Structures are given as C-alpha cells and as structure tokens.
Amino acid sequence: AACWAAMLSMGEDGYMDSVKKILKTAENIRRGIEEIKELKIMGNPLWVIAFESKELDIYKVMDQMTTKGWNLNGLHKPASVHICITLRHTKESIAERFLTDLKKTVASIKENPSEPGGIMAPVYGMAASMPFRGIVRDLLKKYMDLYYKV
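Predicted model, so just to flag it, every value in this text is computed and none were measured. (Residues numbered from 1 in each chain as written. Predicted model: local features only at pLDDT ≥ 70, side-chain atom pairs only at ≥ 80, totals over all residues. Heavy atoms only, no water.)

Colleague: Hey, could you run me through the pattern of salt bridges in this one?
Modeller: If charged atoms from side chains of opposite charge come close, those side chains can pair. This model, assessed by the stated rule, comprises 6 salt bridges. As a salt-bridge pair, Arg30 and Glu27 come within 2.5 Å of each other at their nearest N and O atoms. Highlighted residues: Arg30 and Glu27, both in helix H1 (residues 2-34), separated by 3 residues, approximately one helical turn. Classification of Arg30 by relative accessible area gives buried; the value is 14%. Between Glu27 and Arg31 there is a salt bridge whose closest N-O contact spans 3.1 Å. (Salt bridge = Lys/Arg side-chain N within 4 Å of Asp/Glu carboxyl O. Helix = DSSP H or I, 4+ residues; strand = E, 2+ residues; numbered from the N terminus. Buried < 20%, exposed > 50% of the residue type's maximum accessible area, 1.4 Å probe, protein only.)

Colleague: What should I look at first to understand the side chain of Ser53 in this one?
Modeller: Position of Ser53 relative to the elements: it lies in the loop between strand S2 (48-52) and helix H2 (58-67). Judged by its relative accessible area of 12%, Ser53 is buried. A polar atom in the side chain of Ser53 sits 2.9 Å from the backbone nitrogen of Leu56. The residues touching Ser53, leaving out its near neighbours within four places in the chain, are Glu38, Leu39 and Ile58. (Polar contact = N/O pair within 3.5 Å; in protein donor to acceptor, adjacent residues only side chain to side chain. Contact = heavy atoms within 4.5 Å.)

Colleague: Would you mind showing me how to read the nonpolar core here?
Modeller: Nonpolar side chains in soluble globular proteins tend to be buried together. Formed by 27 residues in total, the largest nonpolar core has its most connected members in Ile33, Ile49, Phe51, Phe98 and Leu102. Secondary-structure elements contributing two or more residues to this core are H1, S2, H2, strand S4 (80-84) and helix H3 (94-111). By residue number, the principal contributor to this core is H3, which donates 7 residues. (Core = buried A, V, L, I, M, F, W, Y, C linked by side-chain atoms within 4.5 Å.)

By themselves, these figures tell us nothing about what the structure is for.
Listed below in structure tokens is the structure:
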C-alpha cells in the first residue's frame with residue numbers, strides 16, 4: 001500500500017528514479033562497509049544492509065552510531081545490526097557521512113574495547129547470553145514497555 005501511495009504521489013517515473021537512487025546509495029554504503037575489515041556484510045543485500053563483527057561488540061557500534069544520529073537496528077543469532085537505506089540516505093554527502101561515522105566508531109571501539117556500551121549494548125549482550133529464549137522475549141517486552149512509557 002505504501003509503495004502504491006508513493007507511486008501515485010510522484011508518478012511512475014519519479015518512483016523508479018527514487019528506487020534507482022536508493023539502490024545505488026545502498027551499493028555504495030555496502031562497498032564502504034566491506035572496506036572496514038572488522039565488519040562483515042551478511043548475505044547479498046539490496047537496500048537493507050546487515051553486518052556483524054567477530055572482532056568487536058557490534059551492539060557498541062549500534063550505540064555509538066545512535067549517539068551520532070544514525071538509526072541501526074540490532075539483531076540476534078548472530079549478533080548483528082542492520083540499516084535500511086531510504087530516499088533520505090540518497091541526499092548529497094549523507095552516505096559518505098554515514099561511512100565516515102562508522103569508520104570512526106569502529107576505530108574507537110577497537111581502541112577502547114573494555115569501555116562500556118550505551119543503552120542497548122548491555123541489553124542485547126545479556127539477551128544473547130541467556131539460555132532460555134522465552135525469558136529474553138518477556139524481558140525485552142517489559143523493557144520496551146517501560147522505555148516507551150509516556
């Protein structure tokens with residue numbers, strides 16, 4: 001439905017142009033992430049790019065990128081994060097800024113691996129270590145309920 005509404009508001013040519021921009025930007029971001037040796041792209045993504053690290057706490061990467069204004073989403077099994085490339089990322093210099101911030105973040109975590117994570121790194125780290133998955137689901141649900149409580 002959202003795709004249909006977007007196409008109606010910008011026309012088929014505008015919609016196709018937007019898709020091309022998103023896919024090109026995603027490819028550039030994917031290549032940039034591949035150049036960071038501590039990170040590994042998962043799969044062969046088009047515009048939702050997931051990556052992991054065997055060398056760093058990936059959730060610390062997520063937390064530090066959040067403080068820089070980026071929205072990465074944490075994933076489990078394996079521990080990883082992803083970014084969904086949108087039309088907003090195609091604006092001039094945005095992809096380059098993302099990659100610069102990501103490189104700085106990885107370097108910072110690599111230099112200071114024992115520095116504690118931010119808000120989500122401890123939550124994801126603890127959740128990944130718990131043997132009973134039902135407890136994790138219940139705990140995260142309660143955490144999110146409290147976190148977003150008005």
